[in-house]
Amino acid sequence: LAAEGVTFRNYYAGSNVCSPSRAALLTGRYAPRTGVTGVLFPGDDHGLPESEVTVAQTLRTRGYRSLCAGKWHLGSQPRFLPTNRGFDEFYGIPYSNDMSPLPLLWGTEVQEPETSPELLTQRCTSEAVRFIAQNKNSPFFVFLSLPNAHIPLCPPERFRRKSPLGPYGDVVQELDWSVGEVLKAIADSGLDERTLVMFTSDN
């Protein structure tokens, strides 16, 4: 990515914690203006206000299909989930992997009441790859928001003890694998010369 693109070394996140930073990232507005000023928790009855417009909602008006895969963290009640905020598909968890319960969702439906954090990167990456292949003939937007390297650090067996930097290094290596899988899917679909890929952290 660095060799073929642009690396930004000085920048500011929208906030120093997850939910407001994600609100800023998905709306393009300063977090306090979105009404999301702190971390959202399971059971909270609020989220990103429905008056806010997400990038997915904007792209939908231009004919894009969109997927959110991974961590959402902008409200866990159905009306705040990605498929009600402009995304056509959602596969992932409603908030951080250190919160409980940790359900795996497809759209607004619970697939697993308590999912395994160590499998999330692999599963979400697979969904992104599937979505790219299925939508290669039309405009698409993939928001792959991987829960790692958030604590608790849960590298799967395939990456465990592979890094000299311990569990954190292991999950970073898995993130690197994930990005590689997505780039390969884009190339395999013949879209690598006309697809914009951005890699960043939420906060």
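This write-up is about the structure you can find in this document.

Cut-offs used in this document
Residues numbered from 1 in each chain as written. Predicted model: local features only at pLDDT ≥ 70, side-chain atom pairs only at ≥ 80, totals over all residues. Heavy atoms only, no water. Helix = DSSP H or I, 4+ residues; strand = E, 2+ residues; numbered from the N terminus. Contact = heavy atoms within 4.5 Å. Salt bridge = Lys/Arg side-chain N within 4 Å of Asp/Glu carboxyl O. Buried < 20%, exposed > 50% of the residue type's maximum accessible area, 1.4 Å probe, protein only. Expected span 1.5 Å × (residues − 1). Arc of directions from axis to C-beta. Pairing = 2+ DSSP bridges. Axes fitted to C-alpha atoms, helices over the stretch in contact; angles between N-to-C directions. Core = buried A, V, L, I, M, F, W, Y, C linked by side-chain atoms within 4.5 Å.

Next up on the list: the side chain of Thr34. Within the secondary structure, Thr34 sits in helix H2 (residues 31–34). Filtering out sequence-adjacent residues up to four positions away, Thr34 remains in contact with Ala23, Thr27, Arg29, Leu48, Pro49 and Glu52.

Another point: the pattern of salt bridges. Taken as a whole and assessed by the stated rule, the structure comprises 13 salt bridges. Linking Glu89 and Arg65 is a salt bridge whose minimum nitrogen-to-oxygen distance equals 3.2 Å. With Glu89 in strand E2 (residues 89–93) and Arg65 in strand E1 (residues 65–71), this residue pair connects regions lying 24 residues apart in the sequence. Residue Arg65 is classed as partly exposed on the basis of its relative accessible area, which comes to 32%. When salt bridges that share partners are traced, they join Arg60, Arg65, Asp88, Glu89, Glu127 and Arg130 into one network.

This next bit is on helix H4 (residues 120–134). Spanning 15 residues, H4 covers 21 Å between terminal C-alpha atoms, matching the ideal 21 Å at 1.5 Å per step. Taken together, the buried positions of H4 are Leu120, Thr121, Cys124, Thr125, Glu127, Ala128, Phe131 and Ile132. Along the axis of H4, the buried positions cluster into a sector of 160°, meaning they face one direction only. Where H4 is buried, its residues touch E1, E2, strand E3 (104–106), strand E5 (140–145) and helix H5 (166–188).

Moving on, we come to the pairing of E2. The buried fraction of E2 is high, at five of five residues. Side chains Glu89, Tyr91 and Ile93 of E2 all project onto a buried face; the interleaved residues Phe90 and Gly92 project onto the opposite face, where all are buried too. Relative to E2, E1 runs parallel, the two sharing five bridges. Paired with Cys68 across the two strands is Phe90, which belongs to E2. Looking at chain direction, E2 and E3 are connected through two bridges and run antiparallel. From the neighbouring strand, Gly92 faces E3, where its bridge partner is Leu105.

What follows is about the sheet that holds E3. Taken together, the five strands give an open sheet; going across it, the order is E4-E3-E2-E1-E5, and neighbouring strands pair in mixed fashion. In this open sheet, the two strands that pair with only one neighbour each are strand E4 (109–112) and E5. Strand after strand, the sheet turns through a mean of 15° between neighbouring axes, direction not considered. In this fold helix H1 (residues 18–27) packs onto E1 and E5, with an angle of close to 165° to the strand it touches most, E5.

Let us look at the nonpolar core. Among the nonpolar cores identified, the biggest contains 20 residues, and Leu67, Cys124, Ile132, Phe140, Val182 and Ile186 are the most heavily contacted of them. Mapped onto this core, the elements with two or more residues apiece are E1, E2, H4 and H5. Looking at this core element by element, the count peaks at five residues for H4. Beyond its immediate chain neighbours, meaning those up to four positions away, Leu67 contacts Phe87, Glu89, Phe90, Glu127, Ala128, Phe131, Phe141, Val142 and Phe143. Within the second largest apolar cluster, 15 residues are counted, among which are Ala23, Val36, Phe90 and Phe141.

The next subject is the pairing of E4. Here three bridges tie E3 to E4, and the two strands are oriented antiparallel to one another. In the strand pairing of E4, Trp106 is matched with Glu109. Following E3, the chain reverses through two residues before pairing antiparallel with E4; Gly107 in that reversal takes a positive phi of roughly 70°.

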